[in-house]
Amino acid sequence: MKVIHVLLGRPAPESMNGVNKAVHQLATHQARLGWQVEVWALTHSTRTEQHTGYITRYFAPSRWRFALPSDLRRCLAGLASGRTLFHLHSVFLPEFFVISRSLRSAGIPWVLSPHGGYASLLHKPSLAKTLYARSFERYVTDQAAAIHVLGPYGEREHLSRIAKMRAVEIPNGQDPARSLERTYNSGAGLRLVFCGRLAALQKGLDRLLDGLAKARLAGCDVSLDLIGDGEDRQSLERTCRERGLDRIVRFHGALFGSEKLRVLLEGDVFVHVSRWEGLPTAALEAAASGLPLLISRETNLGAFVSQSGAGIVLNETNPDSISRAIYELAEIKIRNALSRLGSAARAGVDRSFDWSEVARRHLDTYRTVVN
């Protein structure tokens with residue numbers, strides 16, 4: 001049985017895009033489990049690349065996105081029904097609509113992973129996306145053999161409106177980082193760290209700055225490091241200047257590898273207060289590095305944090321609740337008790353988010369689909 005993952009962009013272990021990282025990890029670990037795996041990447045290049053265990057084939061999308069490029073059409077035509085399964089990653093892509101129609105004609109099943117993409121319709125609706133969902137996206141969801149969701153928040157409400165419910169809940173994974181020796185910031189103040197795309201509405205960065213300002217007014221010594229880039233960076237920097245937060249909020253831009261890890265390890269607590277999300281891989285990476293978590297339940301990590309004692313979950317995410325949580329974490333640091341939360345975070349990630357087990361659960365879904 002061959003599994004073909006399809007995504008917009010390229011699979012990569014180091015990326016600001018969580019979908020790219022997740023596809024790389026899935027393909028790698030499924031190949032290690034003995035499956036034949038390929039990744040088909042829709043990018044502005046055409047080549048074939050050999051990774052450890054799997055092949056990536058690159059296809060340049062057509063200018064008219066409802067028309068597949070000729071090389072992609074040839075690859076689809078050469079597939080055999082009964083021996084291939086597709087896993088489509090992301091949503092609202094015209095190429096996926098055309099690919100799914102070709103797959104259905106050939107009798108080849110597919111699994112769809114929205115990666116939190118449908119949640120945007122609930123929180124940031126647009127007429128164009130709504131019309132596209134009714135006209136084209138519904139075909140991809142209704143004809144999918146299974147729909148993979150990352151957690152209880154974000155996707156299910158939308159899927160119940162447009163698709164027959166065949167949802168399979170499997171989280172993202174995280175490779176263990178046992179070799180890291182965690183040392184907490186020795187300064188007196190609490191140092192928060194965020195890593196991700198600087199999209200203020202989705203990631204809740206506007207209300208994080210509000211909560212940070214309230215905590216400062218209440219006398220809390222706290223600062224914030226922002227790792228990442230995105231469409232709202234300039235407006236967030238302007239907000240910090242206008243509110244006098246530029247002295248305690250540091251914008252690092254996109255960091256990768258050892259540079260990103262250095263900033264993470266210099267922090268005390270990782271914060272992610274999204275309004276909607278799939279499941280943020282940066283939060284798992286931070287927890288694996290021994291950082292306690294301050295998160296909204298919409299990250300789909302609430303059950304993990306509560307059950308493992310890895311930090312604080314905000315059931316009501318607003319500036320007041322964020323401010324109170326910051327103050328509580330600052331008090332925990334003063335008592336030298338952050339290491340207990342960080343150790344619980346690392347141990348919990350190793351137990352619950354091992355990529356090998358995540359890959360195995362996806363393979364179980366594929367077997368069910370094929371059978």
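See the structure shown above.
The numbers attached to residues start from 1 for each chain and follow its sequence in the written order. Local features in this predicted model are restricted to residues whose pLDDT is 70 or higher, and side-chain atom pairs enter the listing and the counts only when it is 80 or higher, whereas totals over whole chains, interfaces and linings include all residues. Side-chain numbers come from the whole structure's heavy atoms, not from hydrogens or water.

### Here's the deal with empty space enclosed by the protein
We place a 1 Å grid over just the protein atoms. Points where a 1.4 Å probe fits but has no way out form a cavity, open points with protein on both sides within 12 Å along at least 5 of 7 lines form a pocket, and any residue with an atom within 4 Å of a point lines it. Grid points are joined across faces, edges and corners, and a volume is the space filled by probe spheres set on the points. Per the stated rule, a full pass over the model turns up 1 cavity of 30 Å³ or more. One number sums up the size of the largest cavity: a volume of about 30 Å³. For the largest cavity, the full set of lining residues is Ala-22, Leu-26, His-89, His-115, His-148, Asn-172, Trp-355 and His-362. Under the grouping applied here, Gly and all other residues not named as nonpolar or charged are polar, the nonpolar ones being Ala, Val, Leu, Ile, Met, Phe, Trp, Tyr, Cys and Pro and the charged ones Asp, Glu, Lys and Arg. Residue classes in the lining of the largest cavity are distributed as 3 nonpolar, 5 polar and no charged.

### A look at the environment of Ala-287
Its place among the elements puts Ala-287 in helix α11 (residues 281-288). When accessible area is computed with a 1.4 Å probe and restricted to protein chains, residues below 20% of their type maximum are described as buried, those above 50% as exposed, and intermediate ones as partly exposed. Classification of Ala-287 by relative accessible area gives buried; the value is 0%. When the C-alpha positions of Ala-287 and Gly-311 are compared, they lie 9.7 Å apart, and in sequence the two are 24 residues distant. The contact rule is simple, with two residues in contact once any of their heavy atoms fall within 4.5 Å. Excluding residues within four positions of it along the chain, Ala-287 makes contact with Leu-293, Gly-342, Ala-345, Arg-346 and Val-349. By the criteria applied, helices consist of DSSP H or I runs no shorter than four residues and strands consist of E runs no shorter than two, each listed in order from the N terminus.

### Focus on the pattern of salt bridges
For salt bridges, the criterion is a side-chain nitrogen of Lys or Arg within 4 Å of an Asp or Glu carboxyl oxygen. One pass over the structure, following the stated rule, counts 25 salt bridges. Between Lys-214 and Asp-320 there is a salt bridge, and its shortest N-O distance comes to 3.4 Å. Separated by 106 residues along the polypeptide, Lys-214 in helix α8 (residues 205-217) and Asp-320 in helix α13 (residues 319-334) bring together distant segments of the chain. Residue classification places Lys-214 among the partly exposed residues on the basis of a relative accessible area of 37%. Across the salt bridge formed by Asp-221 and Arg-216, the nearest N and O atoms sit 3.8 Å from each other. The class of Arg-216 is partly exposed, set by a relative accessible area of 33%. When salt bridges that share partners are traced, they join Arg-191, Asp-225, Arg-250, Glu-259, Arg-262 and Glu-266 into one network.

Everything listed here is a matter of geometry and, on its own, says nothing about what the molecule does.
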